[in-house]
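Structural description and commentary
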Amino acid sequence: MRSNPLVVWVAALTLPAVCHAQISSVIDPPPVSLLFDDFNDGVSTATGLNNTEDGGEAAGVASVNVLANAADPQVQFPTPGDPFDIAALPYFRISSQGSVSVGSQVFPLPPAGATVVDFNVGANFAEAQLTFVTDPPGADGSGLRIDPTGGGGPEVQTFGYDYIFLDRFQTIGLAEYDRDNGTEGFDIAGNGHITNVQVSASTGTLRAVTSGIDPIMQRAGLNVDAGVFNVLEIRAAFDPLSTSRFEVFWGTDTNPGPAGGQSLVVTDGLIRDGQLHTYRFQMGDDPRWSDTLQIVRIDPLADADAAAGREFQIDYVRLIAGAPVTDTDGDSLPDAIETDTGTFV
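Anyway, here's the lowdown on the structure attached to this text. (Residues numbered from 1 in each chain as written. Predicted model: local features only at pLDDT ≥ 70, side-chain atom pairs only at ≥ 80, totals over all residues. Heavy atoms only, no water.)

Concerning the overall build of the protein
The test is simple: Strands here are runs of E lasting at least two residues and helices are runs of H or I lasting at least four, both read from the DSSP assignment and numbered beginning at the N terminus. Burial status follows relative accessibility: with a 1.4 Å probe on protein chains alone, a residue under 20% of its type maximum counts as buried, one over 50% as exposed, and anything between as partly exposed. In what follows, a contact means two residues having at least one pair of non-hydrogen atoms within 4.5 Å.
On a plain count of helices and strands, the protein comes out with 0 helices and 23 strands. Counting over 345 residues, the protein shows a buried share of 53%. In the protein, once contacts between residues fewer than 6 apart in sequence are set aside, the share between residues at least 24 apart is 73%.

Observations regarding the sheet that holds strand β8 (residues 102-108)
Just so we agree on the cut-off: For two strands to be treated as a pair, DSSP must find no fewer than two bridges joining them. Note on geometry: axes are C-alpha line fits, over the in-contact stretch for helices, and angles between N-to-C directions span 0 to 180 degrees.
Sheet architecture is open: 5 strands sit in the order β3-β6-β11-β8-β9, paired in antiparallel fashion. Each edge of the sheet is formed by a strand with only one pairing partner; in this case those strands are β3 (47-50) and β9 (117-121). Averaged over all pairs of adjacent strands, the angle between strand axes in this sheet comes to 20 degrees, irrespective of strand direction. Bridge analysis of β8 against β9 gives 5 bridges, and the strand direction is antiparallel. Bridge assignment links Q105 to a residue of β9, and that residue is D118.

Overview of the side chain of R179
Mapped onto the elements of the fold, R179 is located in the loop between β13 (171-176) and β14 (194-200). Classification of R179 by relative accessible area gives buried; the value is 14%.

Here we look at the nonpolar core
Put simply, the rule is: As used in this record, nonpolar core signifies buried Ala, Val, Leu, Ile, Met, Phe, Trp, Tyr and Cys residues forming a set joined through side-chain atoms within 4.5 Å.
Core analysis: the biggest nonpolar cluster contains 42 residues, and F186, M217, L293, I298, V317 and L319 have the highest contact counts within it. With sequence-adjacent residues up to four places away left out, V317 is seen in contact with I172, G173, L174, A175, F186, L232, E233, I234 and I298. Ranked by size, the runner-up nonpolar core spans 27 residues in total, among them F36, V64, F77 and I164.

Considering unusual backbone geometry
A cis geometry characterises the amide bond from L109 onward to P110, with omega recorded as -10 degrees. Among the secondary structure elements, P110 is positioned in the loop between β8 and β9. Of note, the bond from G257 into P258 is cis; its omega dihedral lies within 30 degrees of zero at 0 degrees. Structurally, the position occupied by P258 is in the loop between β19 (246-252) and β20 (263-266). With phi around 55 degrees, N51 is a residue other than glycine that occupies positive phi space. Considering the arrangement of structural elements, one finds N51 in the loop between β3 and β4 (52-58). The backbone of N181 sits at a positive phi, close to 65 degrees, despite the residue not being glycine.

Notes on the pairing of β20
Burial along β20 is two-sided: the residues S263 and V265 and L264 and V266 are all buried. Taken together, the 4 bridges between β19 and β20 define a ladder with antiparallel strand orientation. Counted as the bridge partner of V248 is L264 from β20.

Some remarks on the pattern of salt bridges
For clarity, the cut-off: One side-chain nitrogen of Lys or Arg within 4 Å of one carboxyl oxygen of Asp or Glu is enough to make a salt bridge.
This model, assessed by the stated rule, comprises 14 salt bridges. A salt bridge links R145 to D147; the nearest nitrogen and oxygen atoms lie 2.8 Å apart. In this structure, R145 and D147 share a single accessibility class: buried. Two residues, R235 and D315, come together in a salt bridge whose shortest N-O distance is 3.6 Å. Of this pair, R235 sits in strand β18 (residues 231-238) while D315 sits in strand β23 (residues 311-320), and the two are 80 residues apart along the sequence. D315 matches R235 in its accessibility class, with the two residues each being buried. When salt bridges that share partners are traced, they join R93, E127, D167, E176 and R318 into one network.

Here is the structure:
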């Protein structure tokens, strides 16, 4: 996983008639998430240790050990680059795991009681979607302090941190392929038409090869408000030799799926240069993306060509609340970031 910089825009994607409702889309839009740290370089940045020990970084995870019977254990992670602006990035996500399931806390630096945000840590890696306190007093964006637990137990407890993202809009990472062997909740077995699966912190992606028609990966049990999270963003790369379509199916409480006809399809608009590109879809344009979203299925390359063995990569799959997509004047810049002259705001 890598935070993509502002990139050159290509023409806005036009979806074919297979979609019953026209779904607005853009390719390689300016990012709306900022990577705070993915802990992928193997160099620990942990500081401010209080009744904790630095467990180092390995395989895309920063580890922290809470000492036995420790009071008020703490660890700090400084912002890798310039201080971040909480007003511009009011939301954030932390993927974590613990040897015990407990409540944790996080503060923007310098820490203050009024700025604390609570989240839960379980036995398996999971993402917590969080919101900074509005106008946090004194917070300067220089880093984050995490209190893994309110106090240590009779034995050393270990906590791991996979990634931290700062977001302009509320965001759910359905998949942030960032640590070794982390498949992030997607079932990539499906019909067995995806092989040679590799998830690596060194690449920050899932890499795989198709081996049959309709290779499938899906994630169920989402229970997400589709009315709020109405944008789907996928960053992916496709084999230059491929000709197959890319397809996404979904299912909700009122419109179950995956089901034929309830999908978006991209063929001609798919960039097949083996490089990562970001595809952002305004799923709320389709009235069947409504109520409670339960499942998302991705067919990375979905025609007979896929049986020839085509490589693909996925960096991430995200649901976003209200990220800019619409391009009224057709100049390939979303309305939310430009003036009526076609220039960046």
